Amino acid sequence: MEVSPSVVWRNKPYRYRLEVRRCPKCGRAFREEVEVCPKCNERTERVRMAGRGKLLSWAKVCQVPEGFEDFSPLYFGLVELEDGSRIIARLTDVLEEPKIGMEMEAVLRKVRADGSTGLIEYAIFFRPAF
Ligand SMILES: [Zn+2]
């Protein structure tokens, strides 16, 4: 699985700061840098999503892509944030099976280090909140 630096760069506001662009008219949120809502033709504004929420569902992935062997198994979760938006993200610090409805909080974690470029990739993960 190749992630080019340009893709990482393009997704940076979302990946690092949980920022999205949101249409002020219909409320639709975009992870990408969408300047104008395709539905309303309204200028979107940059907003920061809430950093806490509840776990709605989750999945455990044992068949991990190449380069992620150290992180096996991977957990992914659908989290409903306090501001009502929903997000799918990797879960971290999972010590036992996640429970539906549990409180989660966003944390910045290393995804992997690219040995050839020395680039370390970070992303937003969710972990159980205490
Ligand atoms: Zn809209």
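This text goes with the structure placed above it.
The structure reproduced in this document is the subject of the present report.

What counts as what
- Residues numbered from 1 in each chain as written.
- Predicted model: local features only at pLDDT ≥ 70, side-chain atom pairs only at ≥ 80, totals over all residues.
- Helix = DSSP H or I, 4+ residues; strand = E, 2+ residues; numbered from the N terminus.
- Buried ≥ 20, exposed ≤ 12 C-beta atoms within 10 Å, placed from the backbone.
- Contact = placed C-beta atoms within 7 Å.
- Core = buried A, V, L, I, M, F, W, Y, C linked by C-beta atoms within 7 Å.

**What about the overall build of the protein?**
Okay, step 1: Secondary structure assignment for the protein yields two helices and eight strands.
Okay, step 2: Secondary structure of the protein in N-to-C order comes out as α-α-β-β-β-β-β-β-β-β.
Okay, step 3: By residue count, 15% of the 130 residues in the protein fall in the buried class.
Okay, step 4: In the protein, the share of contacts with a sequence separation of at least 24, taken over all contacts with a separation of at least 6, comes to 45%.

**A closer look at unusual backbone geometry**
Okay, step 1: Its identity is not glycine, yet Asn-41 carries a phi of approximately 60 degrees, on the positive side.
Okay, step 2: The phi dihedral of Asp-93 is positive, around 60 degrees, even though this residue is not glycine.
Okay, step 3: With respect to the element layout, Asp-93 can be found in the loop between strand S6 (86-91) and strand S7 (103-113).
Okay, step 4: The class for Asp-93 is exposed, based on 11 C-beta atoms found within 10 Å.

**Here we look at the nonpolar core**
Okay, step 1: Counting eleven residues, the largest nonpolar core is built from Val-20, Met-49, Trp-58, Tyr-75, Val-79, Ile-87, Leu-91, Met-104, Ala-106, Phe-125 and Phe-126.
Okay, step 2: Elements supplying a minimum of two residues to this core: strand S5 (74-81), S6, S7 and strand S8 (120-128).

**Regarding the environment of Glu-45**
Okay, step 1: Within the fold, Glu-45 resides in strand S3 (residues 45-48).
Okay, step 2: Since 10 C-beta atoms lie within 10 Å of it, Glu-45 is described here as exposed.
Okay, step 3: Considering only alpha carbons, one finds Glu-45 and Pro-24, 21 residues apart in sequence, at a separation of 7.1 Å.
Okay, step 4: Each residue touching Glu-45, except ones within four places of it in the same chain, is listed here: Arg-21, Arg-22 and Pro-24.

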